[in-house]
Amino acid sequence: METLSSYLLTFLLNALWQIPLIACVAALAAWLLRHGPANHRHAVWVLALIASAALPIVSTCTVTSQRTTTLAFTVPAPTQQGEPAPSQNATRMASSAGPLSRTIAYKQTTATALALAYLLLLSFCLAKLLRALILTALMRRRSAVAIQSPVLRQVWTRCAESFGLSDIQLVTSARILTPAAAGFLRKVIILPETLLRSTNEEELTTAIGHEMAHLARRDFALNVLYQLLYVPISFHPASWLILRSIEETREMACDEFVTDRVLDSCVYARSLVSFAAAAINAVPKPSYLLGVFDGNILERRVHRLLHRPAVDLKRARIRLASSLTAMVLCSIGTSGIAVKAHAQNSADVEAKLKALEPLMQHLSEDRSDPQLLDEVQQQLAEILEIGRVSCRERV
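For the structure given in this document, a descriptive report is provided here. Being a predicted model, the structure only gives us computed values, none of them experimental.

Rules used throughout
- Residues numbered from 1 in each chain as written.
- Predicted model: local features only at pLDDT ≥ 70, side-chain atom pairs only at ≥ 80, totals over all residues.
- Heavy atoms only, no water.
- Helix = DSSP H or I, 4+ residues; strand = E, 2+ residues; numbered from the N terminus.
- Buried < 20%, exposed > 50% of the residue type's maximum accessible area, 1.4 Å probe, protein only.
- Areas by Shrake-Rupley, 256 points an atom, 1.4 Å probe, with all protein chains shown as cover.
- Expected span 1.5 Å × (residues − 1).
- Phe/Tyr/Trp six-rings, centres within 6.5 Å; stacked < 30°, edge-to-face > 60°.
- Lys NZ or Arg CZ within 6 Å of the ring centre and 35° of its normal.
- Core = buried A, V, L, I, M, F, W, Y, C linked by side-chain atoms within 4.5 Å.
- Contact = heavy atoms within 4.5 Å.
- Pairing = 2+ DSSP bridges.
- Salt bridge = Lys/Arg side-chain N within 4 Å of Asp/Glu carboxyl O.
- Axes fitted to C-alpha atoms, helices over the stretch in contact; angles between N-to-C directions.
- Left-handed = near helix turned anticlockwise from the far one by under 90°.

## Considerations on the overall build of the protein
Broken down by element type, the protein carries 14 helices and seven strands. Sorting the 395 residues of the protein into buried and exposed places 45% on the buried side. A total of about 20,600 Å² of accessible surface is found on the protein, and carbon and sulfur atoms cover 60% of it.

This is the structure in structure tokens:
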């Protein structure tokens with residue numbers, strides 16, 4: 001348990017400062033790409049989520065596999081006549097060799113309590129994810145195969161050809177008030193019963209086109225993957241901001257996908273507003289059904305559709321490549337700076353003092369060995385750190 005708590009605390013300490021840094025870099029990159037396609041900003045936020053989940057793990061593996069020092073001391077060696085005194089700076093450089101890191105010590109009870117709290121949060125998030133997947137599967141099972149009217153069949157065929165999709169099942173349910181899509185391999189689009197009876201071609205094209213855009217982009221499977229990446233870092237508010245931005249840019253990317261291939265942007269925006277008016281009292285749907293109003297940014301989406309700026313794709317791609325490169329370089333640089341958590345208990349001081357006795361004996365015999373000096377400095381630093389932790393706990 002002691003080793004597990006040290007690993008978990010190291011992960012949490014590094015996540016506390018690395019995730020906000022990544023979120024800030026991603027926000028700056030998304031701002032620079034604000035006039036470009038929405039899928040470019042979506043790619044930036046997806047990379048931010050991957051980096052936020054991976055960097056604390058990389059830092060934890062790095063600092064726990066290498067010995068680091070938290071404090072440097074100088075043990076002067078006796079100088080012979082005519083020999084210069086050893087340099088204090090040289091001793092410090094020798095003692096701080098290795099990855100740039102800092103060790104923070106915790107009392108064992110504190111470390112265990114924090115680790116257990118994190119594991120409980122992890123279990124809760126995994127249970128919530130599993131429940132949402134089960135509700136999604138039940139929603140699909142309880143839906144009935146839709147009987148297509150001539151207008152609906154025409155719209156369905158045109159959208160499927162526009163997105164290059166096939167083998168998609170259309171079902172209907174009275175449990176939802178807005179269209180939704182789901183499925184990994186067996187993909188379905190769920191329409192509310194009221195919309196199924198509609199003869200308005202524009203509304204049907206908007207609903208079916210948007211959900212087919214999700215399926216063409218494989219958003220359902222990717223959304224589950226993003227949720228899995230989010231679970232270990234769900235304790236951090238900045239990770240929620242990253243996941244929220246992924247949802248928002250995903251919806252905007254689908255809007256652009258539909259208006260580029262199927263429907264005029266003004267007609268599409270008008271239909272979205274009509275759906276919103278009909279779904280004011282909508283029952284909350286399972287988390288992993290992809291609906292028309294995911295992201296809760298309808299006003300921004302409509303404004304973007306009606307005032308979509310002209311895009312220079314070549315310049316936009318250059319900016320995207322530059323932004324992704326900057327994020328990768330930032331992640332690589334961040335991985336070289338880490339914080340290490342060390343769980344201490346009352347028996348550590350006695351054990352370390354016993355381990356220090358033979359080192360001090362060897363040091364009294366030969367004070368010119370730099371490796372021996374480094375080892376003594378390491379042990380002294382850890383003993384003093386335990387003392388500081390004990391004092392803080394008493395206070």
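From this point, the narrative continues.
## Observations regarding helix H9 (residues 237-261)
With 25 residues, H9 ought to run about 36 Å at 1.5 Å a step, and its terminal C-alpha atoms sit 37 Å apart, in line with that. Along H9, 18 of the 25 residues are buried, which leaves the element largely enclosed by surrounding structure.

## A closer look at the packing of aromatic side chains
Under the counting rule described, the total for this entry stands at four aromatic pairs. Between Phe11 and Tyr118 the ring centres are 6.1 Å apart and the planes differ by 50 degrees, which places this aromatic pair in the tilted class. With Phe11 in helix H1 (residues 2-32) and Tyr118 in helix H4 (residues 108-142), this residue pair connects regions lying 107 residues apart in the sequence. Like Tyr118, Phe11 is buried. Ring centres 5.0 Å apart and planes at 75 degrees place the aromatic pair Phe184 and Phe220 in the edge-to-face group. Of this pair, Phe184 sits in the loop between strand S4 (180-182) and strand S5 (188-192) while Phe220 is found in helix H8 (residues 219-230), placing the two residues 36 residues apart along the sequence. Judged by relative accessible area, Phe220 falls into the buried class, the value being 5%. An aromatic cluster of three or more residues is present, and its members are Phe11, Tyr118 and Phe235. Between Arg34 and the ring centre of Trp31, over which it is positioned, the NZ or CZ distance is 4.0 Å.

## Regarding the nonpolar core
The biggest cluster of nonpolar side chains holds 33 residues, and the ones touching the most others in it are Phe163, Ile189, Leu191, Ile208 and Met212. Elements represented by at least two residues in this core include exactly helix H5 (150-163), S5, helix H6 (193-196), helix H7 (201-216), H9, helix H10 (265-278) and helix H11 (298-306). Sequence-distant contacts of Met212, defined by excluding residues within four places in its chain, comprise Trp156, Cys159, Ala160, Phe163, Leu165 and Ile189.

## Quick notes on the pairing of strand S3 (residues 169-173)
In terms of residue burial, S3 counts as a mostly covered element, since four of its five residues are buried. One ladder, built from two bridges, connects strand S2 (residues 144-145) with S3; its direction is antiparallel. Within S3, the position partnered with Val145 by the bridge is Val171. Pairing of S3 with S5 involves five bridges; the strand directions are parallel. Across the sheet, residue Ser173 finds its bridge partner in S5, namely Pro192.

## So, the pattern of salt bridges
Counted according to the given criterion, the structure contains ten salt bridges. The residue Arg270 makes a salt bridge to Glu202 at a minimum N-O spacing of 3.3 Å. Pair noted here: Arg270 is in helix H10 and Glu202 is in helix H7, with a separation of 68 residues, a long-range link. For Glu202, a relative accessible area of 33% puts it in the partly exposed group. A salt bridge links Arg250 to Glu251, with the nearest nitrogen and oxygen atoms 3.7 Å apart. By the burial criterion, Arg250 is buried, and Glu251 matches it. Through salt bridges with shared partners, one network takes in Glu256, Asp260, Arg304 and Arg308.

## A look at unusual backbone geometry
Notably, Asp167 is not glycine yet its phi reads approximately 60 degrees, a positive angle. One can find Asp167 in the loop between H5 and S3. With relative accessibility at 74%, the residue Asp167 sits in the exposed group. Non-glycine residue Arg218 carries a positive phi angle of around 60 degrees. Note that Arg218 resides in the loop between H7 and H8.

## A look at the environment of Thr136
In this structure, Thr136 sits in helix H4. Along the chain, Thr136 and Ala181 lie 45 residues apart, while their C-alpha atoms are 10.0 Å from each other.

## Section: the packing of H9 against H11
Look at H9 against H11: their axes get within 11 Å of each other, and the N-to-C directions meet at 35 degrees. By crossing handedness, the relation of H9 to H11 is classed as right-handed. Residues Glu248, Glu251, Met252, Asp255, Glu256 and Thr259 of H9 touch H11, and the partners they reach there are Arg300, Arg301, Arg304 and Leu305.

## A closer look at the packing of H5 against H7
Following both chains from N to C, one finds H5 and H7 inclined at 35 degrees, their axes separated by 9 Å at the closest point. Both H5 and H7 take part in a crossing whose hand is right-handed. Contact residues: Val151, Leu152, Gln154, Val155, Trp156, Arg158, Cys159, Ala160 and Phe163 in H5; Glu201, Leu204, Thr205, Ile208, Gly209, Met212, Ala213 and Ala216 in H7.

## Quick notes on helix H12 (residues 313-335)
If you check H12, its first and last C-alpha atoms are 33 Å apart, about what 23 residues at 1.5 Å a residue would give, namely 33 Å. Regarding H12, the residues found buried are Ala316, Leu320, Ser323, Met327, Ser331, Thr334 and Ser335.

## Here we look at the pairing of S5
Of all the five residues making up S5, five are buried; the element is thus mostly covered by neighbouring parts of the structure. Neither face of S5 is exposed, since Val188, Ile190 and Pro192 on one face and Ile189 and Leu191 on the opposite face are all buried. Relative to S5, S4 runs antiparallel, the two being bridged by three bridges. Residue pairing for S5: Ala182 is matched across the bridge by Val188. Counting the residues between successive antiparallel strands, the hairpin from S4 to S5 contains five residues, one of them, Gly183, with a positive phi of roughly 120 degrees.

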